[in-house]
Amino acid sequence: MSNEKFIALSLPNIAGNEWKYVKDCLDTGWISSVGSYVTQFEQMVADFAGAKYGVAAVNGTAALHISLLLSGVKQHDYVILPNLTFVASANSIKYLGADPLLIDADPNLWQMDLDLLEEFLENETDEKDGYLFYIKDGRRIGAIMPVHILGNMCDMDRFLSIVKKYPLPIVEDATESLGTTYKGVSAGKFSPLACFSFNGNKIISTGGGGVIVTDDEALAKHAKHLTTTAKASADEYYHDEVGYNYRLVNVLAAIGVGQMELLPSFIKRKKECVAFYKKELTGVADIRFQQELPGVETNGWLFTIQTDKQQQLLDHLNKNKILSRRFWMPMNKLPMYKDCVYVQKKDNSDYIYNTCLSIPSSTSITDEELTIVVDEIKAAIG
Ligand SMILES: Cc1ncc(COP(=O)(O)O)c(C=O)c1O
């Protein structure tokens, strides 16, 4: 079967009531940052993740920025972060004048390597007056940001047992993992504040958008306050701290409400795609898959394979109108983050970057398109 049509990586799938709800916003004039859809959307996301409160934001990056701020991260702090992540995680740290402190990836899970994390915390940090410091330069470590990379998770029990020995607030970058669970607990439930993203390639999309989830009412209120320019009076322009114009607008949240109604069907479709790819690609050339730990149910967000023939496969697929992408470039390779502390032994991030590629995983992908993708992978390297 030859491929006539371009097959995208991860497209938004507008298949439900989105048009109806957006039209409602346009017809009634409720298009901006106040309106019933935005409150409904943030609650739907919170409910889905099993959290009490949701606070909508313009995107996942803004949600992370506010969550770090509320966790007490200050200028000149470090925030522990996996080296292998999308740049927005690191940027959200930089927005506060803090620096990421990078931990290499586990070679099989592609998440933060917990052995390295544990060793680092044990040997290279010191606790004083209820805070944690990096011994080498005396700077404070203000928080840790685990990222559920590709909608997968590390051993969260072990992660929590390591981290709870230290005064280290956790902010989960759950941007890719709406619908993922660990031993039945949803991504976003492992930290006091966690963030989801709804940009164009996520499992549901509002075009651009994010939600902070939390069980803490005071944190939720403060997050909403900060995302709405910290306006402290209903009838006057009185603002009591430096706030941000970060609230998601109603018209985009209307898309989100339609998308949330579809989320269970999207997760089902992603899982079918993962099962198909795994079945068809097992044993093909040197292809390996991201390992999933027992107890982890991923949302199958973006299927990614590993092969030493990465470049050959990328070239072939893209030439045949099948969009495939290398992994993100690790943070220590980007000009802004190349001088950050990087805890590593074998630089697994570099190897993962040079061997992994994501393949089409849209929820709207047809069975025929999945077959084309698999056939072309086999043609290229099989
Ligand atoms: C790991 C990770 N962190 C943060 C973000 C930022 O989300 P957004 O694009 O909504 O700002 C994304 C998504 O792009 C992401 O994949």
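The structure reproduced in this document is the subject of the present report. (Residues numbered from 1 in each chain as written. Predicted model: local features only at pLDDT ≥ 70, side-chain atom pairs only at ≥ 80, totals over all residues. Heavy atoms only, no water.)

### Points about the sheet that holds strand β15 (residues 325-326)
Spatially, four strands are ordered β12-β14-β17-β15 in an open sheet, and the strand pairing comes out antiparallel. The outermost strands of the open sheet, each flanked by one partner alone, are β12 (288-289) and β15. Looking at chain direction, β12 and strand β14 (residues 304-306) are connected through two bridges and run antiparallel. Bridging across to β14, R288 finds its partner in Q306. Helix-sheet contacts for helix α9 (residues 310-319) involve β14, β15 and β17 (356-358), and the interaxial angle to β17 is about 20 degrees. (Pairing = 2+ DSSP bridges. Helix = DSSP H or I, 4+ residues; strand = E, 2+ residues; numbered from the N terminus. Contact = heavy atoms within 4.5 Å. Axes fitted to C-alpha atoms, helices over the stretch in contact; angles between N-to-C directions.)

### Side note on the environment of S361
Mapping S361 onto the fold places it in the loop between β17 and α11 (367-381). Here S361 falls in the buried class, since its relative accessible area comes to 3%. Between the C-alpha atoms of S361 and M331, which are 30 residues apart in sequence, the distance is 25 Å. When residues no more than four places from it in sequence are discounted, the contact partners of S361 are A8, L9, K270, W301, L302 and F303. Looking at S361, its side chain comes within polar contact range of the main-chain nitrogen of F303, at 2.9 Å. (Buried < 20%, exposed > 50% of the residue type's maximum accessible area, 1.4 Å probe, protein only. Polar contact = N/O pair within 3.5 Å; in protein donor to acceptor, adjacent residues only side chain to side chain.)

### Regarding the packing of helix α8 (residues 250-281) against α11
In contact at an axis separation of 11 Å, α8 and α11 are set at 30 degrees when each is read in the N-to-C sense. For the element pair α8 / α11, the angle class is roughly parallel. α11 is crossed by α8, and the crossing has right-handed handedness. Contacts between α8 and α11 involve R269, C273, F276, Y277, E280 and L281 on the former and, on the latter, D367, L370, T371, V373, V374, I377 and K378. Of the residues that constitute the contact of α8 with α11, the class distribution is eight nonpolar, one polar and four charged. (Parallel < 35°, antiparallel > 145°, perpendicular 65-115°, else oblique. Left-handed = near helix turned anticlockwise from the far one by under 90°. Nonpolar A, V, L, I, M, F, W, Y, C, P; charged D, E, K, R; others polar.)

Bear in mind that shape data such as this cannot, by itself, settle questions of function.
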